[in-house]
Amino acid sequence: MADVLKIIFQIVNKTPFWIWVVLVILIKRGTALTVESPVSLKRSCTMPVIFIIWGLDTIVNQFGNPNVLLDFYVVFLIPGFFLSYLLYKNKSFYIKNGLLMQEGSVIPLIVMLVNFLIKYLLNVILATRPILYNDFQFNIFYGCICGFTIGLFFGGIFKSMQAKKQLSVRR
C-alpha cells in the first residue's frame with residue numbers, strides 16, 4: 001500500500017502546475033453549468049479548444065506516427081459527437097430577459113472531468129513509458145481515445161447552436 005501511495009504522490013508532484021489550473025477551471029465551469037445559465041457559444045468552445053490544443057501539441061511533437069494517430073483522432077470524433085448529442089438530446093432551452101438560457105445539468109461537468117481524467121491518465125502512462133510514443137498500436141489507441149473524448153464536447157455545442165437558431169427563428 002505504501003508503494004502505491006508513493007507512486008501516486010510522485011505522479012502528483014511531477015504534474016505541471018498548469019494542469020492543476022486547467023482542472024480548477026474545468027471544475028468551476030462545469031459546476032456553473034449545473035444551474036440555469038445563459039448560453040454562450042464562445043464559452044462553450046473554450047474547454048474543447050484547450051483539450052484540442054493540448055492533444056494536438058502532444059500528437060504532433062511527441063508521437064512517432066502523428067499522421068496515423070491524427071487519422072484515428074478525426075474518425076473517432078464522430079462517435080464521440082453522436083454519443084454527446086444523445087446525452088444532450090433532452091436538454092431544454094428558453095428565452096429569459098432576451099437571453100437564450102439553458103437548464104442546469106451535471107452532464108457538462110462529467111464530460112469535462114472524463115476528458116481531463118482520460119488525458120491525464122494517458123499522459124501519465126506516456127511519462128512512465130515513453131517508448132509508447134513510438135508504439136504503432138498505442139498511437140492508434142491514443143488517437144481513438146482522444147478523438148472520441150473531444151467529440152463528446154461537440155454534441156452539446158451543436159445542440160446549443162440548434163436551440164439558438166430555432167428560438168431566433170420563432171422570434
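Sequence positions are assigned chain by chain, starting from 1 and proceeding in written order. Thresholds applied to this predicted model are a pLDDT of at least 70 for local features of residues and 80 or more for the giving and counting of side-chain atom pairs; totals over whole chains, interfaces and linings are not thresholded and use all residues. In computing side-chain values, all of the structure's heavy atoms are included and hydrogens and water are not.

Colleague: Help me out: how do you make sense of helix α2 (residues 17-32) in this one?
Modeller: For the α-helix, the turn length of 3.6 residues means that residues three or four positions removed from each other point alike. Per the convention used, a helix needs a DSSP run of H or I reaching at least four residues, while a strand needs a run of E reaching at least two, with both numbered from the N terminus. Given the number of residues in a helix, its expected span is that number minus one, multiplied by 1.5 Å. Over its 16 residues, α2 runs 23 Å from end to end, which matches the ideal 22 Å to within 8%, given 1.5 Å per residue. Per-residue accessibility, obtained with a 1.4 Å probe over protein chains only, is compared with the maximum for each type, and a residue is labelled buried under 20%, exposed over 50%, and partly exposed between these values. Residues I19, V22, L23, L26, R29 and G30 constitute the buried set of α2. End-on view of α2: buried residues confined to an arc of 135°, all on one side of the axis. Facing away from the buried surface of α2 by more than 90 degrees, the exposed residues are F17, V24 and K28. Next to the buried residues of α2 lie α3 (41-62) and α5 (107-128). An arc is given here, and it is the one of the directions from the helix axis to the C-beta atoms. Whether two residues are in contact is decided by their heavy atoms: any pair within 4.5 Å suffices.

Colleague: What am I meant to see in the pattern of salt bridges here?
Modeller: Think of a salt bridge as a Lys or Arg side-chain nitrogen and an Asp or Glu carboxyl oxygen that are within 4 Å of each other. Summed over the entire model, instances satisfying the criterion amount to 1 salt bridge. E36 serves as the salt-bridge partner of K96, at 2.7 Å between the closest nitrogen and oxygen. Highlighted residues: K96 in strand β2 (residues 93-96) and E36 in the loop between α2 and β1 (37-38), separated in sequence by 60 residues.

Colleague: Help me out: how do you make sense of the packing of aromatic side chains in this one?
Modeller: How two aromatic rings sit relative to each other is set out by the distance from centre to centre and by the angle between their planes. Any two rings among Phe, Tyr and Trp, with Trp reduced to its six-membered ring, count as a pair given centres within 6.5 Å; such a pair is stacked if its planes are under 30 degrees apart, edge-to-face if over 60, and tilted if neither. Under the definition given, this model contains 12 aromatic pairs. Both rings, one in F81 and one in Y85, keep their centres 6.1 Å apart while their planes meet at 25°; by these two values the pair is stacked. In this pair, F81 and Y85 both sit in helix α4 (residues 66-87), 4 residues apart, roughly one turn of the helix. A relative accessible area of 23% means that Y85 is categorised as partly exposed. Between F138 and F141, the ring centres sit 5.9 Å apart and the planes meet at 45°, which makes this aromatic pair tilted. Of this pair, F138 and F141 both sit in helix α6 (residues 136-170), 3 residues apart, roughly one helical turn. Look at F141 and you get partly exposed, because its relative accessible area is 42%. Ring pairs connect the aromatic residues W18, W20, W54, F116 and Y120, which therefore count as one cluster. In this structure, K119 packs its charged tip against the face of W54, placed 5.3 Å from the ring centre. The rule is short: NZ of Lys or CZ of Arg within 6 Å of the ring centre and within 35 degrees of the ring normal puts a charge over the ring.

Colleague: Would you explain a nonpolar patch on the surface in this entry?
Modeller: Patch membership requires more than 30% relative accessible area and the absence of a salt bridge. Residues of like charge join within 9 Å; the nonpolar side chains Val, Leu, Ile, Met, Phe, Trp and Tyr join within 5 Å. In short, Shrake-Rupley with a 1.4 Å probe defines the accessible areas, and a residue's cover is counted only from the protein chains shown. There is a patch of nonpolar side chains on the surface, built from M1, V4, L5, I8, F9 and V12 and spanning about 600 Å² of accessible area. In this structure, V4 sits in helix α1 (residues 2-14).

Colleague: Could you clarify how one ought to interpret the packing of α2 against α5 in this entry?
Modeller: Think of two packed helices as two axes; the pair is described by the angle between the axes and how far apart they sit. Under this scheme, a helix contributes an axis fitted over its contacting stretch, all axes are lines through C-alpha atoms, and angles between N-to-C directions fall in the 0 to 180 degree range. For the pair α2 and α5, the least separation of the axes is 8 Å and the interaxial angle reads 165°. As judged from the angle between their axes, α2 and α5 are roughly antiparallel. Helix-helix and strand crossings are classified by hand; for α2 and α5 the assignment is left-handed. Across from I19, W20, V22, L23, L26, I27, R29, G30 and T31 in α2, the residues of α5 making contact are L109, M112, L113, F116 and Y120. Three residue categories are used. Nonpolar comprises Ala, Val, Leu, Ile, Met, Phe, Trp, Tyr, Cys and Pro, charged comprises Asp, Glu, Lys and Arg, and polar comprises the others, including Gly. Class assignment of the residues belonging to the contact of α2 with α5 gives a composition of 11 nonpolar, 2 polar and 1 charged. Each angle is binned into one of four classes, with values under 35 degrees roughly parallel, values over 145 roughly antiparallel, values of 65 to 115 roughly perpendicular, and all other values oblique. What makes a crossing left-handed is the near helix being turned counterclockwise from the far one by less than a right angle; a clockwise turn instead makes it right-handed.

Colleague: When you look at the pairing of β2 in this model, what are you seeing that I'm missing?
Modeller: A regular strand places its side chains so that they alternate between the two faces of the sheet. Pairing geometry for β2 and strand β3 (residues 99-102), over 4 bridges, is antiparallel. Its bridge partner lying in β3, F93 is registered against Q102. Between β2 and β3, which pair antiparallel one after the other, the connecting turn spans 2 residues, and N97 there sits at a positive phi close to 55°. Here, a strand pair is defined by DSSP locating no fewer than two bridges between the strands.

Shape descriptors only; they carry no functional weight alone.
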